[in-house]
Each structure stands twice: as structure tokens, then as C-alpha cells.
Amino acid sequence: MVSASKVEGEYSLLSKNSPLDQPEGVKTHLYHLSAGHGNDSLKSFACSEQGGPTLLDTILLSQWDNFAWKGHLDYDVTACQLKVIEGGIKFVGQLNNKWNSFSPKEYYEFFESFSSLKPNSMKSYEGLLFCIAQGEKDRPEVAPLASPPKDGLLLIANAYPVEYGHIFLVPTAVNQLSCYWDERMFRLATKIASEVNNAAFRVFFDSGTPIVSGQKFFQACYFANPLPVESASTVVVYDGNARSYILVSETVGYPLKALVFTSDNLKALAHVVSEICFSLHDNTTAYSLLISNNGTKVFLFPQVKNLVTGCFLSAWECSGYFVYHTKSEFDNASETEISNRMASASVQDGAFEDLKHLCCAIAARSC
């Protein structure tokens, strides 16, 4: 586990093992990301001189560990049994009889209090770790006990984690955002993944899971190994003809149809993916996203609702990671069963072809 340590040099100071305690009202430590340069090609300005964890990675893990140390987690997710399910795709199963796929009451109360602009009701909320916003300097900064800006993301610990470090990333201006994820917030999420600069860190988004009506949020956590979809074969459907920063591919041999967007240019990546997501929202098509590879790769999973359960797959299920509540389900999990479940959520071939053409057209316009 990572604990907070004193950060020397240009950064604000954090005392070892001291929590970022919440003062009166909505105030928390505010992490300013390093400023973008040029066309926002990825650079890491936050790595230590020894090549160790970045400042953001250290703060995030230490704050989450502190939340866990105080006993706020419903269970120790690192103690849950894991297995790689036999087969060529190598799906991952976790046995966890305490996991709750729906956010508990305290999260509803937290988000409702923010959306109704009642900040004092959150002054003692332990789950609020800190806030992240775009900075204006070449190096990141930490401002102690600041009011969250309207263009920031709140990092909130999930007491029912799917994996280590599980958090919500929630826009502070919940009353100002539309019901689809806008480009500003998506770009901020990819920059966070870049500045965490940890290959284990993945960011997820599900279009069909608002906590407050019309409110959307990202989730993120750490996975020690590549997720199955990240190892799937792909074929390029748009290479930009050397004019675009975006490479568009589709997965091959994976039971859930998926498109993959790759770019070292975060601004271009955010613009293309957010415009595609807006089109999907406009057409009432559900989808999930996985941001991986330090923010340079985005997997898009369009979905149809399961006719039996009436639900969509979560983003980590789309990625090949499944949580089982009973030992029997866990022991009997098979690649065939999972593949059938994923295939039932996959869009029809014609709709997927239309989506590919749309993605290529949007990527071409972005060059």
C-alpha cells in the first residue's frame, strides 16, 4: 500500500500519514494538473526524479488507503479470490459476496446534496478525497483547503470497490452539465489518466448509470494485469491517412463488438470520442467506455439492453472482468457463459457498421 509522504521542491507539502481533513463547508485539497503544451501531446511533468510514482498517483493511493484504514470500506477487495477463466480470451472472475453494483444510500445523499447546492451537508463526508482541475503551470500544484472550481472533478472513494483504489470522478458543476458527458470533462479524465501515469490505472464510464437524474460520472480503479479486451486482436478501420491524430480500430474475435481509439494527442482524442458519444446519446444508444494506456487509448462498447435482466453490462464487464456473488457462480463461470452474456448485449452488425462509418467520418473531420 502507498502512504502519503512529504513532497519536496515545487509542490505543496503533505505530511506523512496525515489525512487531507475536511474543513467547514465544501473545501478540500485541490490538485492542479500540469498545463497542456502545444497540441496536448502526452508528457509527464509529474514523475519523481528517481522515476517512481507520480505526484498524482501517490496522493490518490495514499488518500484511498487512508479512507480504507479508517474502516470506511465494506470489505477488503484485495482479499477477494480471483481467477482467470479457462479459454482463449482469459476472462477474469472475482468472488465477492459483499459487492453491491448499485451505489448505497450515502452516495445518493452526497450527489443530491451537490446537485441541490447544499454544500454544508457534505462538510464531514469522508469519501471526498480531493478535487482535480486543469492547471496553468508546467508542473502540477496542490492547493490546500480550496473550494472546488466549477470545471473540476471530485474524487470520491467507493466504499464498495470492484478493485483496489476504486473511486468516482464527479463533475463539481453537476447542475450545469447536460445529460451526456461533455468534451471538457472527458478531456480532463484522459489528462488525469495521463498524469497518474500508472499502467494499472483504468477509467470507466457507463452512459446508463446516473446516480442523480441526468448526472453522469466516471469511475476508476487499479488492475494489476491487462484486462482481456486490452489483449484482444484488432484491425484498423481508420488510420487518418497521416492527416489525423486518431487511429480507429475494431476488436476481432471478442464476443462484444468494440471500437478502439488511439492517440497521443489528448485534445484530439477527447474531441472525437465525445462527439461520437453525443451522437450515440442523441440516438438513445447505450454505451460504455474504458480509458487505458495512460489516457492514450479509449475502448467504446455500444450496447443493447439484456432482455432477461433488463440491464446493461458495466464497463469493466465489457472489458472482461466479472464479479460473482456466490461460490457456485464463481466456480461454474466459463468462457462460453460469459461470451454468450456479452454477445447478447452486442449491437447488431448493421448498427455497428453504421457506427464505424460515423466514427471514421468524425475522425476525418477532426484532422
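Computed from a predicted structure; not experimentally measured.

Colleague: Break down the packing of aromatic side chains for me, with residues and values.
Modeller: Between two aromatic rings, the relevant description is the distance of the centres plus the angle of the planes. Scanning the entire structure with this criterion turns up 14 aromatic pairs. With a centroid separation of 4.9 Å and an interplanar angle of 75°, the aromatic rings of Phe 223 and Tyr 321 are classed as edge-to-face. Residue Phe 223 is located in the loop between strand E9 (218-222) and strand E10 (233-238), and its partner Tyr 321 is located in strand E15 (residues 321-324); the two are separated by 98 residues in the primary sequence. By relative accessible area, which is 3% here, Tyr 321 ends up buried. Centroid distance Phe 299 to Phe 301: 6.4 Å. Interplanar angle 10°. Geometry classified as stacked. This pair shows no difference in class: Phe 299 is buried, exactly as Phe 301 is. Each residue in the set Trp 99, Phe 204, Phe 223, Trp 316 and Tyr 321 is aromatic and connected to the rest through ring pairs, giving one cluster. Looking at Lys 83, its charged tip hangs above the ring of Phe 330, at a distance of 4.8 Å from the centre.

Colleague: Explain the pairing of E9 to me, and be specific about the residues and the numbers.
Modeller: For E9, the tally of buried residues reaches five of five residues, placing the bulk of the element in the interior. With five bridges connecting them, strand E8 (residues 201-206) and E9 associate as antiparallel partners. Across the sheet, Phe 201 pairs through a bridge with Tyr 222, a residue of E9.

Colleague: Tell me about the nonpolar core, and please be specific about residues and values.
Modeller: By size, the foremost hydrophobic cluster in this structure holds 97 residues, and its most contacted members are Tyr 31, Phe 130, Ile 192, Phe 201, Phe 261, Ile 276 and Leu 289. With eight residues, helix H4 (residues 266-282) is the largest single contributor of residues to this core. With sequence-adjacent residues up to four places away left out, Ile 276 is seen in contact with Phe 261, Leu 300, Leu 355, Cys 359 and Ile 362. Among the nonpolar cores identified, the runner-up in size contains 10 residues, and Leu 128, Cys 131, Ala 133 and Val 170 belong to it.

Colleague: Describe the side chain of Asp 57, and please don't skip the residues or the numbers.
Modeller: Residue position: Asp 57 is located in helix H1 (residues 55-69). Buried charged residue Asp 57 carries no salt bridge. Nearest counter-charge: Arg 202, at 11 Å. A distance of 2.6 Å separates polar atoms of two side chains, one belonging to Asp 57 and the other to Tyr 222. Not counting chain neighbours up to four residues away, the residues in contact with Asp 57 comprise Val 196, Asn 198 and Tyr 222.

Colleague: Pulling in residues and values, what's your account of the layout of surface pockets?
Modeller: Each pocket or cavity is described by its volume, and for the second largest pocket that value is around 520 Å³. Those elements that place two or more of their residues in the lining of the second largest pocket are strand E2 (81-84) and strand E3 (92-95). In the lining of the second largest pocket, the residues fall into 17 nonpolar, seven polar and two charged.

Colleague: Explain the packing of H4 against helix H8 (residues 349-365) to me, using residue names and the numbers behind them.
Modeller: The description of two helices packed together rests on the angle between their axes and the distance between the axes. At a closest axis distance of 10 Å, the pairing of H4 and H8 adopts a crossing angle of 140°. When the axes of H4 and H8 are compared, the pair comes out oblique. Taken as a pair, H4 and H8 cross one another with a handedness that is right-handed. Contacts between H4 and H8 involve Val 272, Glu 275, Ile 276, Ser 279 and Leu 280 from the former and Leu 355, Leu 358, Cys 359, Ile 362, Ala 363 and Arg 365 from the latter. Along the lines of polarity and charge, the residues of the contact of H4 with H8 split into eight nonpolar, one polar and two charged.

Quick notes on the rules
- Residues numbered from 1 in each chain as written.
- Predicted model: local features only at pLDDT ≥ 70, side-chain atom pairs only at ≥ 80, totals over all residues.
- Heavy atoms only, no water.
- Phe/Tyr/Trp six-rings, centres within 6.5 Å; stacked < 30°, edge-to-face > 60°.
- Helix = DSSP H or I, 4+ residues; strand = E, 2+ residues; numbered from the N terminus.
- Buried < 20%, exposed > 50% of the residue type's maximum accessible area, 1.4 Å probe, protein only.
- Lys NZ or Arg CZ within 6 Å of the ring centre and 35° of its normal.
- Pairing = 2+ DSSP bridges.
- Core = buried A, V, L, I, M, F, W, Y, C linked by side-chain atoms within 4.5 Å.
- Contact = heavy atoms within 4.5 Å.
- Lys, Arg positive; Asp, Glu negative; His and termini not counted.
- Salt bridge = Lys/Arg side-chain N within 4 Å of Asp/Glu carboxyl O.
- Polar contact = N/O pair within 3.5 Å; in protein donor to acceptor, adjacent residues only side chain to side chain.
- 1 Å grid on protein atoms, 1.4 Å probe; cavity = no way out; pocket = protein on both sides within 12 Å on 5 of 7 lines; lining within 4 Å.
- Points joined across faces, edges and corners; volume = space filled by probe spheres on them.
- Nonpolar A, V, L, I, M, F, W, Y, C, P; charged D, E, K, R; others polar.
- Axes fitted to C-alpha atoms, helices over the stretch in contact; angles between N-to-C directions.
- Parallel < 35°, antiparallel > 145°, perpendicular 65-115°, else oblique.
- Left-handed = near helix turned anticlockwise from the far one by under 90°.

The analysis is restricted to geometry; functional conclusions fall outside its scope.
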